[in-house]
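Okay, here's what each chain looks like letter by letter:
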Amino acid sequence: MTNLEDALGEIDVLAAAEATGAAPTKSALDNKINEHFAGAVVRKDLVNAVRGNAVVPSYVLEYLLGQYAASDDEATIQAGIESVRQILATHYVNRNEHMLVKSEIRRKGRHRVIDKVTVTLNEKNDVHEAQFENLQVKGVIIDDVTVKQNPKLLVGGVWCICDIEYFHTDDQRVVPWILDSLKPIQVASVDIDHYHEAREAFTAEEWIDLLMQSIGLNPEQFNERGKLIALTRLIPFVERNYNVVELGPKGTGKSHTFSEFSPNGILISGGEVTVAKLFVNNASGRIGLVGYWDCVAFDEFAANRRTDQNLVNVMKNYLANKSFSRGTSIYGAEASMAFIGNTTHTVPYMLKNSDLFDELPDAYRDPAWLDRIHHYIPGWEVAPIRSEMFSTGYGFVVDYLAEILRGKRSEDFSDKYEEYFTLDNSISTRDQDGIRKTFSGLMKLVHPTGQATEEEVRALLEFAIEGRKRIKDSILRIDATMRDTPVHFRYADKANVWYDVTTLEESQYPQLYRREWDALSHGDGGSGEGVATAARPTPAPAPSTISSASVADVPAAPAPSPLADGHRDFTAGHKGVSYETLLLPYLRGASRITITDPYIRMPHQGRNLADLLSLLAAAKNDADEIDVVLITKEEPKAEFKQGQLLMLKSIKDASDAVGVRLAVRLDDTIHDRRIETNHGWRIDLGKGLDIWQKPSDNPFDFGRNRQEFRLIGSAFTVHYVKIPVIPGPEAAE
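Here the structure is a predicted model, which means the values were calculated and not measured.

Trainee: Break down the packing of aromatic side chains for me, with residues and values.
Mentor: Counted according to the given criterion, the structure contains 34 aromatic pairs. Centroid distance Phe 301 to Trp 369: 6.1 Å. Interplanar angle 15°. Geometry classified as stacked. Of this pair, Phe 301 sits in the loop between β10 (295-299) and α14 (309-321) while Trp 369 sits in helix α16 (residues 367-370); the two residues are 68 residues apart in sequence, bridging distant segments of the chain. Residue class for Phe 301 comes out buried when judged on its relative accessible area of 4%.

Rendered as structure tokens:
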């Protein structure tokens, strides 16, 4: 039996559809971008076109594309693509071919390579030595001047273009490799004044779309809020000492920005962090990552259950004071920190049972540590990455934009909202710092000149307040002592009209979000005349969450009939059959369900499965979760296998997002078709879930959305069998 995750590991889940050979149609925005930023932009789909088997960050490829294909002329682009491909084929070191490249260097005596270079100090010989990651060569002498000009070589390493020579000697202590030249892959300089001048030619909406395309995302696939969430990931690169947390489902691209976007940031695994690596090594006195990088991001932070309390304490001081002490010395640094992790529960589940920091290790759920985070990005609002979400339009060459953002780190836009708005006095200094730093970062990104209209400022300010409120409200759940002083996250305009800001999950799940301390009076203007509430979309409640008051005038439905063992027969051509009447009554109330069906391969079969899972989601309480195991067969034909796996992954992503946690097992030995629950029912399915005729080609056929209008494909029988209930999650295994 194989897990879906293992099967997906054999294919590229994020691969875009195969190229048609035709260039994407340029939009009006693309033309405008090329007009004002000629030479500094590149078509974003070219990265995949040249990547091949080169395992390098996107900014390395875009650096090369920026040299050869920064144009909107198709002939120039195609020539540039071929040039970059040739450069990668000739100079990029594939780790599996490192011995071949070494032999080539020996044969020619000199060769240029593209590789990641890390430098260490050999104290015994008092020299700096370079190590080439893919070439698998170390101990190469590098001069002190080069190291001084590129200090990041000492911490984390840098992708470089290097000329390496080979000279063998009989001295076994001397390596035969000689570093002749080293050039980090990054732009030399940028004209920030031109950047500001060109910005004036774009509306705010156009500029946001340009930034979205620059980080490789298609703005047409995101609403305004989704774009702001994506751009918030850039704030650590433009704002000094900015601390942000993003927790959300897998596969939403949380770490992509930090690993691919900028040569000024570094992404490390949360489990690899030590005080010496991050801050300073007491033995050598060498400062760690925070001294050299603009942004240090921690991947899979929530999964790291082993924590060093000393690291937590040092980090806590750094997050608050921008400094840390080791031994008798105090050090300062400007690196921002981003903490990225996956959530395994839905938002209503977390709101009901704990808080939005539920996934973090206990040592980091310390209210004092959490209070130092400036913004919480709601990763659950980000859709799983799909091929159509990648941009084919023009955007900044990423290292050009990275250098622009680095240049703006010294600016401060945190008070720009004060021309129009005032924050409530109850908001503490630390809360205000979080709001102001997020607002400042967004202003630098969207309005780099500092000029914006009142409504443009309002949108960014509300988003900044919401992100800090999300943190504070979770802290109040964790630490009751912090509830003594009510905090009102609101702001006033110049007419002294107050606007309350709520988080989106607070509007969606008010019965789960609010606690007793939320009922405190808002004081002056809190609920009286002249108070407005910040605009937030409030979705209609799902059937399972409608309160009794909202249905008081609706006649009560007849009591459901008791469930009993038995069977039901159906003939071909029968109508009026749906999972809601056929299966749901026997599944309602189960917390674990196992579905065994060998044939979930075709799109319409996947649709049937998704229909059943959506019924389970609608029938349960929002704050509850159901575990569903699907056991099915893997498509035997290679040409259809990838389509089946990607379909199952898409269904899993959609199901997990609403609290029906789907696990898929692929087993080629199964034949039976049945459903078993952990609360005592087995449903034997004669035809499995695929009981209807295939849908018609008519896109408006009612049967596409309502199962009752579909025709039964062939005769079948469903048996309902009462089975013993076995305690524990293994009941349905």
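Trainee: Requested: an account of the environment of Val 137, with residues and values cited.
Mentor: When you line up the elements, Val 137 lands in strand β5 (residues 137-142). When the C-alpha positions of Val 137 and Lys 102 are compared, they lie 8.9 Å apart, and in sequence the two are 35 residues distant.

Trainee: Describe the nonpolar core, listing the residues and the values that go with them.
Mentor: If you look at the biggest cluster of nonpolar residues, it comprises 90 residues, and the most contacted ones within it are Phe 37, Phe 396 and Leu 461. Once residues lying within four places of it in the same chain are set aside, the contact partners of Phe 37 are His 194, Tyr 195, Ala 198, Phe 202, Trp 207, Leu 210, Phe 396 and Tyr 400. In this structure, Leu 247, Val 296, Ile 373 and Tyr 509 belong to the second largest nonpolar core, which totals 47 residues.

Trainee: I'd like a rundown of the side chain of Lys 227, residues and numbers included.
Mentor: Along the chain, Lys 227 turns up in helix α10 (residues 224-232). By relative accessible area, which is 14% here, Lys 227 ends up buried. Here Lys 227 is in contact with Ile 208, Asp 209, Met 212, Pro 219 and Phe 222, once residues within four sequence places are set aside.

Trainee: Let's hear about the sheet that holds β5: which residues, and what values?
Mentor: With antiparallel pairing, the 5 strands of this open sheet are ordered in space as β5-β4-β3-β6-β7. Across the chains shown, the open sheet's two edge strands, defined by having one partner strand only, are β5 and β7 (177-184). Along the sheet, successive strands turn relative to each other by an average axial angle of 50°, direction set aside. As defined by bridge partners, strand β6 (residues 158-166) adjoins β7 across 7 bridges and the pair is classed as antiparallel. By the bridge assignment, Glu 165 is partnered in β7 with Ile 178. Relative to the sheet, helix α6 (residues 98-108) contacts β3 (110-122), β5, β6 and β7, its axis offset from that of β3 by approximately 105°.

Trainee: Run through the pairing of strand β17 (residues 490-493), naming residues and quoting values.
Mentor: Side-chain alternation along β17 places Arg 490 and Ala 492 on one buried face and Tyr 491 and Asp 493 on a second face that is also buried. Note that strand β16 (residues 421-423) and β17 share 3 bridges and pair antiparallel. For Phe 421, the partnering residue across the bridge sits in β17 and is Asp 493. Counted between consecutive antiparallel strands, the loop separating β17 from strand β18 (residues 498-500) contains 4 residues, among which Asn 496 sits at a positive phi close to 65°.

Trainee: A description of the pattern of salt bridges should follow, citing residues and the corresponding values.
Mentor: Tallied over the entire structure, the rule returns 50 salt bridges. The salt bridge partner of Asp 371 is Arg 430, with a shortest N-O separation of 3.8 Å. Here Asp 371, found in the loop between α16 and β14 (375-378), pairs with Arg 430, found in helix α18 (residues 429-446); they are 59 residues apart in sequence, far enough to count as distant. Residue classification places Asp 371 among the buried positions, given a relative accessible area of 10%.

Trainee: Residues and numbers for the sheet that holds strand β8 (residues 243-248), please.
Mentor: Taken in spatial order, the 5 strands of this open sheet run β9-β10-β13-β8-β14, and their pairing is parallel. Of all the strands in the sheet, just β9 (265-269) and β14 have a single pairing partner and so form its edges. Averaged over all pairs of adjacent strands, the angle between strand axes in this sheet comes to 20°, irrespective of strand direction. With 4 bridges joining them, β8 and β14 adopt parallel strand pairing. Of the residues in β14, the one forming a bridge with Glu 246 is Ile 377. Most of the contacts of α14 go to strand β13 (residues 336-342), to which it runs at about 125°, and overall it touches β8, β10 and β13.

Trainee: Tell me about the state of the cysteines, residues and numbers included.
Mentor: Scanning all chains against the criterion turns up 0 disulfides. The thiol of Cys 160 is unpaired, and the distance to the nearest cysteine sulfur, on Cys 162, comes to 4.9 Å. Cys 160 gets classed as buried once you look at its relative accessible area, which sits at 0%.

Trainee: Hey, could you go over the packing of helix α2 (residues 28-36) against helix α9 (residues 204-214) for me, with residue numbers and the actual values?
Mentor: In the contact formed by α2 and α9, the axes pass within 11 Å of each other and the chain directions differ by 85°. As the angle between them shows, α2 and α9 are arranged roughly perpendicular. Of the residues in α9, those touching α2 at Leu 29, Asp 30, Lys 32 and Ile 33 are Glu 206, Asp 209, Leu 210 and Gln 213. Classifying every residue of the contact of α2 with α9 gives 3 nonpolar, 1 polar and 4 charged.

Trainee: Summarise the side chain of Asn 264; cite the residues concerned and give the values.
Mentor: Its place among the elements puts Asn 264 in the loop between α12 (256-260) and β9. On the basis of relative accessibility, which here comes to 1%, the residue Asn 264 falls in the buried class. Not counting residues within four places of it along the chain, the set of residues in contact with Asn 264 comprises Lys 152, Trp 293, Asp 294, Cys 295, Ala 402, Glu 403 and Arg 406.

Trainee: Got a sec to walk through α9? Specific residues and values, please.
Mentor: Burial analysis of α9 places 9 of its 11 residues in the buried class, the great majority of the element. Ala 204, Trp 207, Ile 208, Asp 209, Leu 210, Leu 211, Met 212, Gln 213 and Ser 214 are the residues of α9 that are buried. Residue Gly 216 follows α9 closely and has a positive phi angle near 90°.

Trainee: Could you give an account of unusual backbone geometry, with specific residues and numbers?
Mentor: Its identity is not glycine, yet Gln 136 carries a phi of approximately 60°, on the positive side. Note on placement: Gln 136 falls in the loop between β4 (127-132) and β5. The backbone of Asn 241 shows a phi angle near 50°, a positive value even though the residue is not glycine. Secondary-structure assignment places Asn 241 in the loop between α11 (235-238) and β8.

Trainee: Which residues make up the packing of helix α24 (residues 603-619) against helix α25 (residues 638-657), and what values do they have?
Mentor: The angle between the axes and the distance between the axes are what describe a pair of packed helices. The contact between α24 and α25 brings their axes to 10 Å, and the two run at 15°. Relative to α25, α24 is oriented roughly parallel. You can see that α24 and α25 cross each other, and the crossing is right-handed. When α24 is examined against α25, the residues Pro 603, Gly 606, Leu 609 and Leu 613 are found in contact with a partner set consisting of Met 647, Leu 648, Ile 651 and Ser 655. Split by residue class, the contact of α24 with α25 holds 6 nonpolar, 2 polar and no charged.

Conventions and cut-offs
- Residues numbered from 1 in each chain as written.
- Predicted model: local features only at pLDDT ≥ 70, side-chain atom pairs only at ≥ 80, totals over all residues.
- Heavy atoms only, no water.
- Phe/Tyr/Trp six-rings, centres within 6.5 Å; stacked < 30°, edge-to-face > 60°.
- Helix = DSSP H or I, 4+ residues; strand = E, 2+ residues; numbered from the N terminus.
- Buried < 20%, exposed > 50% of the residue type's maximum accessible area, 1.4 Å probe, protein only.
- Core = buried A, V, L, I, M, F, W, Y, C linked by side-chain atoms within 4.5 Å.
- Contact = heavy atoms within 4.5 Å.
- Pairing = 2+ DSSP bridges.
- Axes fitted to C-alpha atoms, helices over the stretch in contact; angles between N-to-C directions.
- Salt bridge = Lys/Arg side-chain N within 4 Å of Asp/Glu carboxyl O.
- Disulfide = S-S within 2.5 Å.
- Parallel < 35°, antiparallel > 145°, perpendicular 65-115°, else oblique.
- Nonpolar A, V, L, I, M, F, W, Y, C, P; charged D, E, K, R; others polar.
- Left-handed = near helix turned anticlockwise from the far one by under 90°.

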